[in-house]
Amino acid sequence: MEITCTLNGVQRTGYAESRTLLSDFLRHELGATGTHVGCEHGVCGACTVRINGAAGRSCLTLAVQVDGAAVDTVEGLAEDGQLNDLQLAFKRHHALQCGFCTAGILMSCSDFLTRVSSPTEQQVRDMLSGHLCRCTGYTPIVQAVLDVAAVRASNAKNNIQGDI
Ligand code: FES
Ligand code: FES
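What you are looking at is a predicted structure, and each value in this text was computed from that prediction instead of being measured.

A word on the nonpolar core
Here comes step 1: With 25 residues, the main nonpolar core has Phe90, Ile105, Cys109 and Leu128 as its most contacted residues.
Here comes step 2: Mapped by element, the contributors of at least two residues to this core are helix H2 (85-92), helix H3 (102-115), helix H4 (121-128) and helix H5 (139-163).
Here comes step 3: For this core, the leading source of residues is H3, giving seven residues.
Here comes step 4: Apart from residues no more than four positions distant in its own chain, isoleucine 105 is found in contact with Phe90, Leu128, His131, Cys133 and Ile141.

The structure is reproduced here in structure tokens:
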């Protein structure tokens, strides 16, 4: 079947069987190998992407389901070749080690921060409960997300005051 979606802002067309997983379609048909595959049954979160803005498991989604949809993967986070604020915070807080889980966690975090602008630590931990990370102990990831939320809130406040 022919499938057309908007991948990281660019319209892409590829071919997949009706049973092909979105994770395989992204990696093998569209070349978006930043999306990792771990458990392939919805547990680890490594394959998380954003579909029409919402974080979702690409190993539990069929490729045909994204025909006409917007799909964002970790490759789309950087802006003009520069790591975005979330990626920089992960680097600053040493929130990744082997990095296998990181692409999926970043996509969940990016969705989360658009919905929850001033999260509590518990809210961040609840969000992260959908991801398995064997390396970091999660605390640096939590700190990175809270750091980004605080900086974005401060910037938003300054922008409002600048408009007054
Ligand atoms: S590979 Fe999709 S949740 Fe583990
Ligand atoms: S950084 Fe290695 S699994 Fe998370």
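Focus: the domain arrangement of the protein
Here comes step 1: Under the domain assignment used here, the protein contains domain 1 (2-76) and domain 2 (85-158).
Here comes step 2: Relative to domain 2, the C-alpha centre of domain 1 lies at a distance of 22 Å.
Here comes step 3: The interface is formed by 18 residues belonging to domain 1 together with 14 residues belonging to domain 2.
Here comes step 4: For the domain 1 and domain 2 pair, buried surface summed over both sides reaches about 1,200 Å², with 59% attributable to carbon and sulfur atoms.
Here comes step 5: Linking domain 1 with domain 2 are zero salt bridges.
Here comes step 6: Joining domain 1 to domain 2, the criterion identifies six residue pairs in polar contact (both at pLDDT 80 or more).
Here comes step 7: For the side of domain 1 that touches domain 2, the elements supplying multiple residues, two or more each, are strand S3 (48-51) and strand S4 (54-57).
Here comes step 8: Looking at the side of domain 1 that touches domain 2, its residues break down into eight nonpolar, seven polar and three charged.

The rules we used
- Residues numbered from 1 in each chain as written.
- Chains lettered and ligands numbered in written order.
- Predicted model: local features only at pLDDT ≥ 70, side-chain atom pairs only at ≥ 80, totals over all residues.
- Heavy atoms only, no water.
- Core = buried A, V, L, I, M, F, W, Y, C linked by side-chain atoms within 4.5 Å.
- Buried < 20%, exposed > 50% of the residue type's maximum accessible area, 1.4 Å probe, protein only.
- Helix = DSSP H or I, 4+ residues; strand = E, 2+ residues; numbered from the N terminus.
- Contact = heavy atoms within 4.5 Å.
- Domains from an automatic or database assignment.
- Buried area = accessible area lost by both parts, 1.4 Å probe.
- Salt bridge = Lys/Arg side-chain N within 4 Å of Asp/Glu carboxyl O.
- Polar contact = N/O pair within 3.5 Å; in protein donor to acceptor, adjacent residues only side chain to side chain.
- Nonpolar A, V, L, I, M, F, W, Y, C, P; charged D, E, K, R; others polar.

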